[in-house]
Amino acid sequence: MIFSLENDQCRVTVNSHGAELSSFIRKDLNNLEYIWQADPAVWARHAPVLFPIVGRLPLDTYLHEGKEYKLPQHGFARDQQFALLSQTSDELIFSLKADENTRALYPFDFELIIRYQLRGNRLVVGWQVHNRAAEQELLFSIGAHPAFRCPLLPDEQFEDYCFEFDHAVSFERHLLAGGLLTGQTEPVLNDQTELPLTYELFADDALVLKKFDFTHLTLRSRTSERAVRVRFDGFPYLGLWTKGPGAPFVCVEPWQGVASTVGGPQELANKEGILNLPPNQTFTTEYSITVE
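Being a predicted model, the structure only gives us computed values, none of them experimental.

Caption draft 1: Region of the structure containing the state of the cysteines. Tallying each qualifying case throughout the model produces 0 disulfides. The thiol of C251 is unpaired, and the distance to the nearest cysteine sulfur, on C150, comes to 11 Å.

Spelled out as structure tokens, the structure:
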């Protein structure tokens, strides 16, 4: 089912399938759409929620207490039907609870609550992960994967855009092979405030960042006033990605977790980026998207 939030400036649409943000329109800018519209010929998703892992596992397999389990890249939440818990004029709240199907892939008792709050031209996306078990610790990662139309206007090109930072930044990317981290790195920026977009930048898959000193970035057009700002305070990992040459979108992905390294399956508890939540406790975090 499709649910909407709306105010004088914007209209937001969320699909209960995956509790996925599927549209973010500026009504006061001629109904300009900022979210990629999931053309299946290119990439058939809008902004999936990554849970209970971020990235890929070796052989799509992990171990827990010596038993082998299978999980697809980015987990299963993005393909699950969420229940609507609450709807007001400016807020939607969805829930996904463990059941016999999720336990076959992931033997933990959880509830994932996703909240969307529309505040002017800013959308706040909040996550709560609750460990419903009385004794067992909950091992998980969670991440965002919103795809933004790039270019936003018909007379622009992908290369007319850049990622803009509010201060000079330096960082390196952690390289991937087959969706797994290789342990190798490559410098990207050195004391610069902009990262120009080119398809060549993503020729070797996503830019995976682990150490960075910024809490937000802006996808900005060089030829118009249009921009998207993503804020992600407290997120230890960040992914930047597009599908390939000609794909008219780019993703800004704040992550609480990261892909596994090249090698064989390992215990989930030993995977980098896995959070360990005690029984009956709740993990809470949020990020935001502002459309300009």
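From this point on, the discussion continues.
Caption draft 2: Here's a closer look at the layout of surface pockets. By volume, the largest pocket is sized at about 400 Å³. The residue makeup of the lining of the largest pocket, split by class, is 10 nonpolar, 7 polar and 6 charged.

Caption draft 3: Highlighting the sheet that holds strand 3 (residues 20-26). The strand order 1-2-3-4 describes an open sheet built from 4 strands, whose pairing is antiparallel. On the outer flanks of this sheet lie strand 1 (2-6) and strand 4 (32-33), each paired with one strand and no other. Examined bridge by bridge, strand 3 and strand 4 share 2 bridges and lie antiparallel to one another. Looking at strand 4, one finds that I25 is bridged to E33.

Caption draft 4: Local environment of empty space enclosed by the protein. The final tally for this structure, using the stated rule, is 1 cavity of 30 Å³ or more. Approximately 50 Å³ is the volume attributed to the largest cavity. What lines the largest cavity is L21, A47, P48, V49, Y116, V125, W127, A144, H145 and Y287. Taken together, the residues that form the lining of the largest cavity break down as 9 nonpolar, 1 polar and no charged.

The rules we used
Here the residue index of a chain counts from 1 through its sequence in written order. Reporting in this predicted model follows two pLDDT cut-offs: at least 70 for local features of residues, and 80 or more for side-chain atom pairs to be given and counted; totals over whole chains, interfaces and linings ignore these cut-offs and use all residues. Water and hydrogen atoms play no part in the side-chain values, which are based on all heavy atoms of the structure. What counts as a disulfide here is a pair of cysteine sulfur atoms lying within 2.5 Å. Points on a 1 Å grid, built from protein atoms alone, make a cavity when a 1.4 Å probe fits but cannot get out and make a pocket when they are open with protein on both sides within 12 Å along at least 5 of 7 lines; residues with an atom within 4 Å of a point are the lining residues. Grid points are joined across faces, edges and corners, and a volume is the space filled by probe spheres set on the points. The residue classification treats Ala, Val, Leu, Ile, Met, Phe, Trp, Tyr, Cys and Pro as nonpolar and Asp, Glu, Lys and Arg as charged. All others, Gly included, are polar. When DSSP finds at least two bridges between two strands, those strands are taken to pair. Elements are defined by DSSP. Helices are runs of H or I of four residues or more, strands are runs of E of two residues or more, and each kind is numbered from the N terminus.

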